[in-house]
Amino acid sequence: MNSVEIRRFVDDDWQGQHSGLWDVWHEVVSAGESYDNDPNSTEQDAKSHWLLPPPFEVWVAVEDGDVLGTYKVGPNKGRLGDHVANASFMVSTRARGRGLGRTLGEHCLDRARELGFTAMQFNAVVSTNTVAVRLWRSLGFIIVGTIPDGFRSTKYGLVDFHIMYRRL
């Protein structure tokens, strides 16, 4: 992952030189296996879902002008719960198996600490997304709850999703 740069999102990253954040978002969401967004979401739907205003931050992993992955991080809840971060991640199939998810995860945990968060919570990690569950566990997250049949996978039908947590 030496040639991949992780940096704050800028508007030009949405389309990218060859492949942008929109391409990654569309690929991941249209698969219907890890996000509850409509697989037929429009580009405007994607922008309003992913490009949240501050205090959220959006980061991208870029290689040779192509966006290969992204994460967003911000408070999980409002005022009295804003010390716990929440984050979401997407990695293009073009970059899977190269350690980019781990690199983004570690970067995000460091960034959350820098922003003053004391913990991080993922509200809905789909149980059949075993690569993500294994990654988050290896980075110190624990499953604090499971919602039975909480997600309608396009491949498996009703599956559980996990609420995952770790202190920072």
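What you are looking at is a predicted structure, and each value in this text was computed from that prediction instead of being measured. (Residues numbered from 1 in each chain as written. Predicted model: local features only at pLDDT ≥ 70, side-chain atom pairs only at ≥ 80, totals over all residues. Heavy atoms only, no water.)

### Points about the sheet that holds strand β1 (residues 5-8)
The condition that has to hold: Pairing between strands is defined by DSSP: at least two bridges between them are needed. A run of DSSP states H or I qualifies as a helix once it reaches four residues; a run of E qualifies as a strand once it reaches two. Both are numbered from the N-terminal end. Helix axes use the C-alpha atoms of the stretch in contact, all axes being lines fitted to C-alpha atoms, and the angles between their N-to-C directions lie in the range 0 to 180 degrees. A contact between two residues is defined here by any heavy atoms of the two lying within 4.5 Å.
In space, the seven strands of this open sheet follow the order β1-β2-β3-β4-β5-β7-β6, with mixed pairing throughout. Looking at the sheet topology across the chains shown, the edges are occupied by β1 and β6 (142-153). Each adjacent strand pair in this sheet contributes to an overall mean axis angle of 25°, direction not counted. Here strand β2 (residues 57-63) runs beside strand β3 (residues 66-75); their pairing, made up of seven bridges, is antiparallel. Note on β3: the bridge partner recorded for glutamate 57 is valine 73. With respect to the sheet, helix α1 (residues 21-31) is in contact with β2, β3 and β4 (84-91), its orientation differing from that of β4 by roughly 90°. Along the sheet, helix α3 (residues 100-114) contacts β1, β2, β3, β4, β5 (119-126) and β7 (157-167); its crossing angle with β3, the most-contacted strand, is approximately 30°.

### Observations concerning the layout of surface pockets
To keep things clear, this is the line we draw: Of the grid points, spaced at 1 Å and generated over the protein atoms alone, those admitting a 1.4 Å probe that cannot get out make up cavities, while open sets with protein on both sides within 12 Å along at least five of seven lines make up pockets; any residue with an atom within 4 Å of a point is treated as lining. Grid points are joined across faces, edges and corners, and a volume is the space filled by probe spheres set on the points. In this classification, Asp, Glu, Lys and Arg are treated as charged, Ala, Val, Leu, Ile, Met, Phe, Trp, Tyr, Cys and Pro as nonpolar, and every other residue, Gly included, as polar.
Space inside the largest pocket adds up to approximately 1400 Å³. Mapped onto the lining of the largest pocket, the elements with two or more residues apiece are α1, β4, α3, β5, α4 (130-138) and β6. For the lining of the largest pocket, a count of residues per class yields 24 nonpolar, 16 polar and 10 charged.

### A closer look at the nonpolar core
So the rule is basically this: Nonpolar cores are built from buried Ala, Val, Leu, Ile, Met, Phe, Trp, Tyr and Cys residues. Side-chain atoms within 4.5 Å join them into one set. Buried, partly exposed and exposed residues are distinguished by accessible area as a fraction of the type maximum, computed with a 1.4 Å probe on protein chains only: under 20%, between the cut-offs, and over 50%, respectively.
One finds Met120, Phe122 and Trp136 to be the most contacted residues of the largest nonpolar core, which totals 28 residues. Among the secondary structure elements, those contributing two or more residues to this core are β2, β3, β4, α3, β5 and α4. Here the element with the most residues in this core is α3; it accounts for five residues. In this view, tryptophan 136 contacts Phe89, Gly105, Phe122, Val125, Phe141 and Met164; residues no more than four positions away in its chain are not counted.

### A closer look at unusual backbone geometry
Following proline 54, the chain continues into proline 55 via a peptide bond in cis, with omega recorded as 20°. Residue placement: proline 55 occurs in the loop between α2 (43-50) and β2. Of note, the phi angle at aspartate 64 is positive, near 50°, even though the residue is not glycine. Along the chain, the position of aspartate 64 falls in the loop between β2 and β3. Phi is positive for aspartate 149, close to 55°, though the residue is something other than glycine. Its place among the elements puts aspartate 149 in strand β6. Residue classification places aspartate 149 among the partly exposed residues on the basis of a relative accessible area of 45%.

### Description of α3
Definition in use: Here the expected span of a helix is defined as 1.5 Å times the quantity of residues minus one. Summarising the geometry, the arc corresponds to the directions from the helix axis toward the C-beta atoms.
Across its 15 residues, α3 extends 21 Å between first and last C-alpha, which sits within 8% of the 21 Å expected from 1.5 Å per residue. Turning to α3, its buried residues number three or more, namely Leu100, Leu104, Gly105, Cys108, Leu109, Arg111 and Ala112. Projected down its long axis, α3 carries its buried residues within an arc of 165°, all on one side.

### Focus: the pattern of salt bridges
Defined as follows: Criterion for a salt bridge: a side-chain nitrogen of Lys or Arg within 4 Å of a carboxyl oxygen of Asp or Glu.
This model, assessed by the stated rule, comprises nine salt bridges. The partner of glutamate 106 in a salt bridge is arginine 102, with the nearest N and O atoms 3.9 Å apart. Of the two residues, glutamate 106 and arginine 102 are both situated in helix α3; the distance of four residues between them amounts to about one turn of the helix. With a relative accessible area of 38%, glutamate 106 lands in the partly exposed category. According to the relative accessible area criterion, arginine 102 is partly exposed, its value standing at 33%. As a salt-bridge pair, glutamate 114 and arginine 111 come within 2.9 Å of each other at their nearest N and O atoms. With glutamate 114 and arginine 111 both in helix α3 and three residues apart, the pair spans about one turn of that helix. Look at glutamate 114 and you get exposed, because its relative accessible area is 58%. One salt-bridge network, held together by shared partners, links Arg8, Glu57, Arg111 and Glu114.

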